[in-house]
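Per-entry structural report
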Amino acid sequence: MAATATSTLQIATARSCMSSPRKLVKAGAAVLGTSSKQFVSSVQPLQRSFMKSSVRSCKVATKAMAESGDTKPAPGLPIDLRGKRAFIAGVADDNGYGWAIAKSLAAAGAEILVGTWVPALNIFESSLRRGKFDESRVLPDGSLMEITKVYPLDAVYDKMEDVPEDVKTNKRYAGSTNWTVQEVAESVKQDFGSIDILVHSLANGPEVTKPLLETSRNGYLAALSASSYSYISLLKHFLPIMNQGGSSISLTYIASERIIPGYGGGMSSAKAALESDTRVLAFEAGRRRKIRVNTISAGPLRSRAAKAIGFIDTMIDYSSANAPLQKELSADEVGNAAAFLVSPLASAITGAVIYVDNGLNAMGVGVDSPIFKDLDIPKAEH
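Residues numbered from 1 in each chain as written. Predicted model: local features only at pLDDT ≥ 70, side-chain atom pairs only at ≥ 80, totals over all residues. Heavy atoms only, no water.

Thoughts on the packing of aromatic side chains
Each aromatic ring pair is summarised here by two numbers: the centre-to-centre distance and the angle between the ring planes. For the structure shown, the criterion picks out 6 aromatic pairs. Note on Y253 and Y263: the rings are 5.0 Å apart at their centroids and 65 degrees apart in plane angle, and the pair reads as edge-to-face. With a gap of 10 residues between them, Y253 in the loop between β8 (242–252) and α6 (267–289) and Y263 in the loop between β8 and α6 connect regions that are remote in the sequence. Y263 gets classed as buried once you look at its relative accessible area, which sits at 4%. Linked through ring pairs, F87, Y151 and F238 together constitute an aromatic cluster. (Phe/Tyr/Trp six-rings, centres within 6.5 Å; stacked < 30°, edge-to-face > 60°. Helix = DSSP H or I, 4+ residues; strand = E, 2+ residues; numbered from the N terminus. Buried < 20%, exposed > 50% of the residue type's maximum accessible area, 1.4 Å probe, protein only.)

Observations regarding the confidence of the model for the protein
Counting all residues, the mean pLDDT for the protein is 82, and 78% of those residues have values of 70 or more. Across residues 1–8, where pLDDT falls below 50, the model places 25 contacts with residues more than four positions away in sequence or in other chains. Throughout residues 11–70 the model reports pLDDT below 50, and contacts reaching past four residues in sequence, or to other chains, amount to 241 contacts. (pLDDT = per-residue confidence, 0-100. Contact = heavy atoms within 4.5 Å.)

A closer look at the sheet that holds strand β10 (residues 353–356)
Backbone hydrogen bonds are what pair the strands of a sheet, in a parallel or an antiparallel way. The 7 strands lie next to each other as β6-β5-β4-β7-β8-β9-β10, forming an open sheet whose pairing is parallel. For this open sheet the edge positions go to β6 (149–152) and β10, each flanked by a neighbour on one side alone. Strand-to-strand twist across the sheet, computed as the mean angle between neighbouring axes with direction ignored, equals 20 degrees. As paired strands, strand β5 (residues 111–116) and β6 are joined by 4 bridges and run parallel to one another. Paired with V114 across the bridge in β6 is V150. Across the sheet, helix α5 (residues 217–238) is in contact with β4 (85–89), β7 (195–200), β8 and β9 (292–298); its angle to β7 comes to roughly 170 degrees. Where α6 meets the sheet, it contacts β8, β9 and β10, and its direction lies at approximately 175 degrees from that of β8. (Pairing = 2+ DSSP bridges. Axes fitted to C-alpha atoms, helices over the stretch in contact; angles between N-to-C directions.)

Quick look at the structure:
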C-alpha cells in the first residue's frame, strides 16, 4: 500500500493494483436545471468488459493524509465514503452533473452503480471503448473512476404494467428488460443487498422551448412526471434497501423560484415541485429510515443536454457577469458539494436546497444592465 497526494476532497488514497483488463461498463448521464432531454435509462443490465492491454486495474480506498508520502493523519475533516454504495440515476456523457457527482463520490471511496437510458447508450459505450472519456475519468489520485455495474432504467415508468405498448415495441428498447423503477430496485437488491446513497440526476421537458402559455397539458404533465415525480418513485422503491443513516440528493434549478424566460414547457413548475417534494420526502424518509434528502440548485453548465435548450451560452455569460463570483461554474464544484451532502459531515442537513451557482441566487438585479452603467460596481480581478 503506497500513500499518494492529498486530493481536492481533502482525502488521499491508497491503492492495491494488479495488471488486468479494466472493466468499463455502460453508463449514461443527465443534467438537471438546464436539461431538455430525458436521461433516464433503459438498457440491458449487463456489465460489459472492454480489453485495454496497457491499463492497470486498481482498487482505490481513501484516507486522510497530511502530505504526499506522509502517513500521519491530516488536520481537518476528510470526506470519507469508504464502504458506501451509491446508485446514480442518469449519466450519459462525461460533461454533465451526473458524471461529476459520480466522480466525486468515487474519489471519496464510494462504490458506483449507474442507471442509464438506452438512446444515449451506444454512443457512450463506443466512446468508453475507444478511451474517449479516459481523461475525464481521472480521479485526484491518478486512477480512473470505475463503475461497478450499470442498470437499465426508465424512471418515467414505475412498473411494466405502466409502459405503453408503443414504448415496449420501440426499437430503442429492443433487448432491454427489467428497466422500470420497481424492477431496477429489485435488481439492485438481488445483486448488492443495499445502497447508502441515491442520486437523482435526470429530467425531461418535451416542450421546454415553448412559453408556459403555449405548453400543452400533455407536455406539462410529462415534464413533471420525468423531472419531479421520478424522484418520488425512485426514493419510494429504493428506500427499503437503503441503509439507515443514508442520503439522497437531486438536482434543481433557480427557475423554480425566479423567472427564466426560455426555460418553459412546465420545467420551472417541475423544479418547484421537486424542491417542495424534497422537504416532504426529508420528513417521511427521515422518520422511517433516518435517510437525509436534499437538493442542489446548480448554476448553468455548458453540457450537451443543456445545449438543446438553445440559450445555455447566454445564461452562462449572464451568470459570469452578474454573480458575486465572476467565473464559470464547473461540474466538479457541484460534484464536490454532492460528496459533502451525502457524507457524515452533513449529518444534520436535510430538507434543504443548497445553491451551487457562484451566488447568483442572491442577486436581485442584473448589474450588467445599462441602467447601472454610472454606478461604481466592483468587478472581479483577473
